[in-house]
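Residue strings, one per chain:
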Amino acid sequence: LKISFVRSNLFDKIDDKFDLILFNPPMGNVSGSKLLDYIKSFVPKNKLTLKFASFFFKSERKSLLKRFVLSGLSHLNEKGKIITLIHESERRFLELLAKNKIEVLKHYDYYNDFEIVRISR
């Protein structure tokens, strides 16, 4: 079994095709500010703050997921799969992009309705 790990900003400069792509998208793409990182260190990580962050970063996250799925599908081998963590409400959006080739592997009621999904080519 040959396994390669690639670290990249999505698929910049990657020409290969893969059998499996794993993606854990961030809640938002705001980072790099020392002040913001300091403020975030005081915010409790619970269901309420997760729900707030989800709402606050919704448009940035949707754009990132769209870029990832469209690029990712083109970087899969014939029977390749993408496995990612998304919110239940994002699944319908991704089903349109992936042409309904999404399977829910695990649904987390207790974790603000996030899901692990498999997207097939």
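Residues numbered from 1 in each chain as written. Predicted model: local features only at pLDDT ≥ 70, side-chain atom pairs only at ≥ 80, totals over all residues. Heavy atoms only, no water.

### Some points on the sheet that holds strand β1 (residues 18-23)
Using the following cut-off: Strands pair, by our definition, only if DSSP identifies at least two bridges between them. Only DSSP runs of H or I with at least four residues qualify as helices, and only runs of E with at least two residues qualify as strands; both kinds are numbered from the N terminus onward. Comment: axis = line fitted to C-alpha atoms, over the contacting stretch for helices; angle = value between 0 and 180 degrees taken between N-to-C directions. Contact criterion: two residues are considered in contact whenever any of their non-hydrogen atoms come within 4.5 Å of each other.
Taken in spatial order, the 4 strands of this open sheet run β1-β2-β4-β3, and their pairing is mixed. Each end of this open sheet is capped by a strand with a single partner; those strands are β1 and β3 (102-108). Between one strand axis and the next, the sheet turns by 15 degrees as a mean value, whatever way the strands run. The sheet contacts of helix α4 (residues 88-97) involve β2 (76-87), β3 and β4 (114-120), and relative to β2 the element is tilted by about 150 degrees.

### A word on the pattern of salt bridges
Here is the rule we go by: The working definition used for a salt bridge is a side-chain nitrogen of Lys or Arg within 4 Å of a carboxyl oxygen of Asp or Glu. For every residue, the accessible area (1.4 Å probe, protein chains only) is compared with the maximum for its type, and the residue is labelled buried under 20%, exposed over 50%, or partly exposed between those bounds.
Enumeration over the complete set of coordinates arrives at 2 salt bridges. In this structure, glutamate 115 engages arginine 91 in a salt bridge whose closest nitrogen and oxygen atoms are separated by 2.7 Å. On the criterion of sequence distance, the pair formed by glutamate 115 in strand β4 and arginine 91 in helix α4 is long-range, its members being 24 residues apart. Each of the two residues, glutamate 115 as well as arginine 91, counts as buried. Of the charged contacts in the structure, one is a salt bridge between arginine 118 and glutamate 103, with a shortest N-O distance of 2.6 Å.

### A short note on the nonpolar core
The test is simple: Take the buried Ala, Val, Leu, Ile, Met, Phe, Trp, Tyr and Cys residues and link them wherever side-chain atoms come within 4.5 Å; each set so joined is a nonpolar core.
Core analysis: the biggest nonpolar cluster contains 21 residues, and Ile21, Phe68, Val69, Leu73, Ile82, Leu94 and Ile119 have the highest contact counts within it. Look past the residues within four positions of isoleucine 82 in its chain and what remains in contact with it is Ile21, Phe68, Gly72, Leu73, Leu76, Val117, Arg118 and Ile119.

### Focus on the packing of aromatic side chains
Filter applied, for reference: Note on ring pairs: Phe, Tyr and Trp rings are taken, using the six-membered ring of Trp, and paired if centres are within 6.5 Å. Classes follow the plane angle, with under 30 degrees stacked, over 60 edge-to-face and the rest tilted.
Within this structure, the stated rule accounts for 2 aromatic pairs. Ring centres of phenylalanine 11 and phenylalanine 68 lie 5.7 Å apart, and the angle between their planes is 25 degrees; this geometry places the pair in the stacked category. Residue phenylalanine 11 is located in the segment before β1, and its partner phenylalanine 68 is located in helix α3 (residues 58-74); the two are separated by 57 residues in the primary sequence. Neither phenylalanine 11 nor phenylalanine 68 differs from the other in exposure class; each is buried. On the numbers, 3.9 Å between centres and 15 degrees between planes, the contact of phenylalanine 23 with phenylalanine 68 is stacked. Separated by 45 residues along the polypeptide, phenylalanine 23 in strand β1 and phenylalanine 68 in helix α3 bring together distant segments of the chain.

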